Amino acid sequence: MEFPADALPPSEAFDGAGVYTLHYTGAFPAYAAIGPDVPIYVGKADPPGRRQGRTQASTPVLHRRLQEHAESIDAASNLDLPDFRCRWLVLDPVWVGLTEQVLLTQYQPLWNVVVDGFGNHDPGAGRRNQRRSRWDTVHPGREWAYNLRDRGETADDVVTAIETLRERR
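First things first, this report covers the structure right here in the doc. (Residues numbered from 1 in each chain as written. Predicted model: local features only at pLDDT ≥ 70, side-chain atom pairs only at ≥ 80, totals over all residues. Heavy atoms only, no water.)

### Remarks on the packing of aromatic side chains
Part 1 of the reasoning: Enumeration according to the criterion identifies 11 aromatic pairs in this entry.
Part 2 of the reasoning: For the ring pair F14 and W88, a centre distance of 5.0 Å and an interplane angle of 5° mean the geometry is stacked. Residue F14 is found in the loop between β1 (6-7) and β2 (17-24), and its partner W88 is found in strand β4 (residues 84-91); the two are separated by 74 residues along the sequence.
Part 3 of the reasoning: Among the residues examined, F14 registers a relative accessible area of 16% and is labelled buried.
Part 4 of the reasoning: Considering the side-chain rings of Y41 and F118, the 4.9 Å spacing of their centres and the 80° angle between planes classify their relative orientation as edge-to-face. Separated by 77 residues along the polypeptide, Y41 in strand β3 (residues 41-45) and F118 in the loop between α3 (110-113) and α4 (134-138) bring together distant segments of the chain.
Part 5 of the reasoning: Exposure remark for Y41: the relative accessible area of 10% places this residue in the buried category. (Phe/Tyr/Trp six-rings, centres within 6.5 Å; stacked < 30°, edge-to-face > 60°. Helix = DSSP H or I, 4+ residues; strand = E, 2+ residues; numbered from the N terminus. Buried < 20%, exposed > 50% of the residue type's maximum accessible area, 1.4 Å probe, protein only.)

### A closer look at the pattern of salt bridges
Part 1 of the reasoning: A full pass over the atoms with the stated rule returns 7 salt bridges.
Part 2 of the reasoning: Among the ionic pairs, D46 bridges to K44, the shortest N-O distance being 3.1 Å.
Part 3 of the reasoning: For the salt bridge of R134 with E153, the shortest nitrogen-to-oxygen distance reads 2.7 Å. One end of the pair, R134, is in helix α4; the other, E153, is in the loop between α4 and α5 (155-168), and 19 residues separate them in sequence. Neither R134 nor E153 differs from the other in exposure class; each is buried.
Part 4 of the reasoning: Beyond isolated ion pairs, a larger network of salt bridges with shared partners links R134, R151 and E153. (Salt bridge = Lys/Arg side-chain N within 4 Å of Asp/Glu carboxyl O.)

### Considering α5
Part 1 of the reasoning: With 14 residues, α5 ought to run about 20 Å at 1.5 Å a step, and its terminal C-alpha atoms sit 20 Å apart, in line with that.
Part 2 of the reasoning: When we look at burial in α5, the residues that qualify are V158, V159, A161, I162 and L165. Looking straight down α5, one finds that the buried residues subtend no more than 155° of arc, so they occupy a single side. Across from the buried face of α5, at angles greater than 90 degrees, the exposed residues are D156, E167 and R168. (Expected span 1.5 Å × (residues − 1). Arc of directions from axis to C-beta.)

### Brief notes about the sheet that holds β2
Part 1 of the reasoning: Taken in spatial order, the 4 strands make up an open sheet running β1-β4-β2-β3, and their pairing is antiparallel. Each edge of the sheet is formed by a strand with only one pairing partner; in this case those strands are β1 and β3.
Part 2 of the reasoning: Strands β2, β3 and β4 of the sheet are contacted by helix α1 (residues 61-75), whose axis makes an angle of about 30° with β2. (Pairing = 2+ DSSP bridges. Contact = heavy atoms within 4.5 Å. Axes fitted to C-alpha atoms, helices over the stretch in contact; angles between N-to-C directions.)

### Concerning the nonpolar core
Part 1 of the reasoning: Counting 42 residues, the largest nonpolar core has Y31, I40 and W111 as the members making the most contacts within it.
Part 2 of the reasoning: Elements that contribute at least two residues to this core include exactly β2, β3, α1, β4, α2 (93-107), α3, α4 and α5.
Part 3 of the reasoning: When near neighbours in sequence (up to four residues on either side) are disregarded, I40 contacts L22, H23, Y24, Y31, I34, F84, P109, L110, W111 and N112. (Core = buried A, V, L, I, M, F, W, Y, C linked by side-chain atoms within 4.5 Å.)

### Looking at α1
Part 1 of the reasoning: Here α1 is 15 residues long and its end C-alpha atoms lie 21 Å apart, about the 21 Å a rise of 1.5 Å per residue gives.
Part 2 of the reasoning: Among the residues of α1, V61, L62, H63, R65, L66, H69, A70, S72 and I73 are the ones counted as buried.
Part 3 of the reasoning: Where α1 is buried, its residues meet β2, β3, β4, α3 and α4.

### Thoughts on the side chain of H69
Part 1 of the reasoning: By the element assignment, H69 lies in helix α1.
Part 2 of the reasoning: With sequence-adjacent residues up to four places away left out, H69 is seen in contact with Y20, L22, Y41, F118 and G119.

So, to be careful, I would describe these as geometric facts and stop short of saying anything about function.
What follows is the structure, encoded as structure tokens:
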């Protein structure tokens, strides 16, 4: 990507929907092979009302999503927020989903492919029977994730899955 990476979250708010990538530069052993230009996560932020056909592109939905991700990383007991950078692109809402799919296909980011669950929100009291995500298993700290069922995998199991993917690539 040719856009320079910025701090996570970006210091100045901005309006719009779009796509983004998160990049890791820290020392967590399972991520040591990831370079700073390869995204560890790809995501999108759709405008409010998109599913109902009532989009409001002038809201700061993309910036807000990056803030949410910064809060998740900051809550993790074994990650440091300053080790993360982000890149983003504000798009017309019609291009958001397609652009995200292109980025996912091109980069196959670790947190999208193996360590799923980073982008999850608190499922709410009525859905607490869901299993804890792989991301929350490896990076404990989000309070709401402790209320979910154990997934039957340890953090070591997830790290083994990361290593297996690395060997296949």
